[in-house]
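Secondary and tertiary structure notes
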Amino acid sequence: MAISSALRRAPWAAAARGLLASRSAWRAHHPQPRPHRAERSALLSSLSAPQPGAAADAQLLRVINYEISCAQQDCKKRDWAKELGEGFPFEIQDKEGTNKITLTRRDQKERIEVEAFLPSPADSAEQNGEQEDQVEDDNSQGHDSAAANQYYIPLVVKIHKGSASSLEISCRSYPDELAIESLAFGSRDGSVDSSDVEARISNLPKEFQQAFNSYLKSRAISSDVMDFLHAYMINKECHEYLSWLRKVKGLIKR
């Protein structure tokens, strides 16, 4: 498709892949312990014994300061507007201190809105279940996929047609696939109709599922956009965590 090929050539796609290549420095939710750093071990080893009030506060501040210094090294400051150029198909709305961003675009008579939330840990039981459903000859490939799918980004894609209602598609964006979870109808006034029942995509025929994947791709919900979204949300989570650490530090110092 012309849209898909154009997106692959876009400069923002290369920038996203570059940031994703270094995503191991920042894992979902919180930085993982760095046992090879002697400073962290020395700080944590002294926490086992009870401390007087002032000493405990000082110790906690040292730990927070260390976490802040690590987060500052991991977080990347990027001028996304400059890197994306004019080819990115969505407008980005990102409010600091929130757990989501919103991508919007207009396509003919539709208004497309994508709500992307901070990364969530993948359900290991669910991942194992998916692997059991695969062909036995693909066991090694399934293991590699599970290693990559340690987290996912929750998405809600809203397709607005006119002013009355919208189609809401709930998805999970893994590093290597986009999984559609459910479909529902949304109304502008918030009212609920008895016929507007949410349907889980797994209960629908395979042909229906495949058709909906193509439906999303035709509206620029492509693999390149997902690559960028993963890069952006991982980077946002790092900055939100850094901001949270600074707020905690400010409260402890009072």
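Everything quoted here is computed from the prediction, not taken from an experiment.

Quick look at the nonpolar core now. In terms of nonpolar packing, the biggest core is built from 34 residues, with Phe90, Leu155 and Ile169 touching the most fellow members. Elements supplying a minimum of two residues to this core: α5 (80-84), β2 (100-107), β3 (110-117), β5 (151-161), β6 (165-174), β7 (177-187), α8 (206-217) and α9 (223-253). In terms of residue count, α9 provides more of this core than any other element does, eight residues in total. Residues within four places of Ile169 in sequence aside, it is in contact with Leu155, Val156, Val157, Ile180, Ser182, Leu183, Phe212, Tyr215 and Leu216. In this structure, Cys75, Cys238, Tyr241 and Leu242 belong to the second largest nonpolar core, which totals eight residues.

This part is about the packing of aromatic side chains. Taken as a whole, this structure holds nine aromatic pairs when the rule is applied. Measuring from centroid to centroid gives 5.1 Å for Trp80 and Phe228, while their planes differ by 85 degrees, and the two rings are edge-to-face. In this pair, Trp80 sits in helix α5 while Phe228 sits in helix α9, placing the two residues 148 residues apart along the sequence. Exposure class is identical for Trp80 and Phe228. Each is buried. Taken together, a centroid distance of 6.1 Å and an interplanar angle of 15 degrees make the contact between Tyr241 and Trp244 stacked. Here Trp244 and Tyr241 lie together in helix α9, a separation of three residues that amounts to about one turn. Looking at Tyr241, the relative accessible area reads 11%, which means it is buried.

Per the stated rule, a full pass over the model turns up one disulfide. Paired through a disulfide, Cys75 and Cys238 show a sulfur-sulfur distance of 2.2 Å. Disulfide Cys75-Cys238: the torsion about the S-S bond is -100 degrees, which places it as left-handed. On the criterion of sequence distance, the pair formed by Cys75 in the loop between α4 (53-74) and α5 and Cys238 in helix α9 is long-range, its members being 163 residues apart. Each of the two residues, Cys75 as well as Cys238, counts as buried.

Turning our eyes to something else, we now look at the pattern of salt bridges. Opposite charge on two side chains permits pairing when their charged atoms draw close. Scanning the model with the defined rule gives nine salt bridges in all. Note that Lys236 is salt-bridged to Asp94, the shortest N-O span being 2.8 Å. Of this pair, Lys236 sits in helix α9 while Asp94 sits in strand β1 (residues 91-94), placing them 142 residues apart in sequence. For Lys236, a relative accessible area of 6% translates into the label buried. Residue Lys100 is joined to Glu115 by a salt bridge in which the shortest nitrogen-to-oxygen separation is 3.3 Å. A residue pair is termed long-range when its members are at least 10 positions apart, and Lys100 in strand β2 and Glu115 in strand β3 qualify at 15 residues. For Lys100, a relative accessible area of 30% corresponds to the partly exposed category.

This part is about α4. Look at α4: 32 Å from first C-alpha to last across 22 residues, which is about the 32 Å you get at 1.5 Å a residue. Buried within α4 are the following residues: Gln59, Leu61, Val63, Ile64, Tyr66, Glu67, Ile68, Cys70, Ala71 and Asp74.

Relative to the helices and strands, Ser170 is located in strand β6. Considered as a pair, Ser170 and Glu115 are 55 residues apart in the sequence and their alpha carbons are 9.6 Å apart.

In this section: unusual backbone geometry. One non-glycine residue, Ala220, adopts positive backbone phi at about 75 degrees. Relative to the assigned elements, Ala220 resides in the loop between α8 and α9. On the accessibility criterion, Ala220 (0% relative accessible area) is buried.

This brings us to the pairing of β6. Burial of β6 is extensive: seven of the 10 residues sit out of reach of the surface. Of the strand pairs in this sheet, β5 and β6 are connected by nine bridges, and their pairing is antiparallel. When the sheet's bridge partners are listed, Leu155 is paired in β6 with Cys171.

What counts as what
- Residues numbered from 1 in each chain as written.
- Predicted model: local features only at pLDDT ≥ 70, side-chain atom pairs only at ≥ 80, totals over all residues.
- Heavy atoms only, no water.
- Core = buried A, V, L, I, M, F, W, Y, C linked by side-chain atoms within 4.5 Å.
- Buried < 20%, exposed > 50% of the residue type's maximum accessible area, 1.4 Å probe, protein only.
- Helix = DSSP H or I, 4+ residues; strand = E, 2+ residues; numbered from the N terminus.
- Contact = heavy atoms within 4.5 Å.
- Phe/Tyr/Trp six-rings, centres within 6.5 Å; stacked < 30°, edge-to-face > 60°.
- Disulfide = S-S within 2.5 Å.
- Salt bridge = Lys/Arg side-chain N within 4 Å of Asp/Glu carboxyl O.
- Expected span 1.5 Å × (residues − 1).
- Pairing = 2+ DSSP bridges.

Take it as geometry only, folks, not as evidence of what the structure does.
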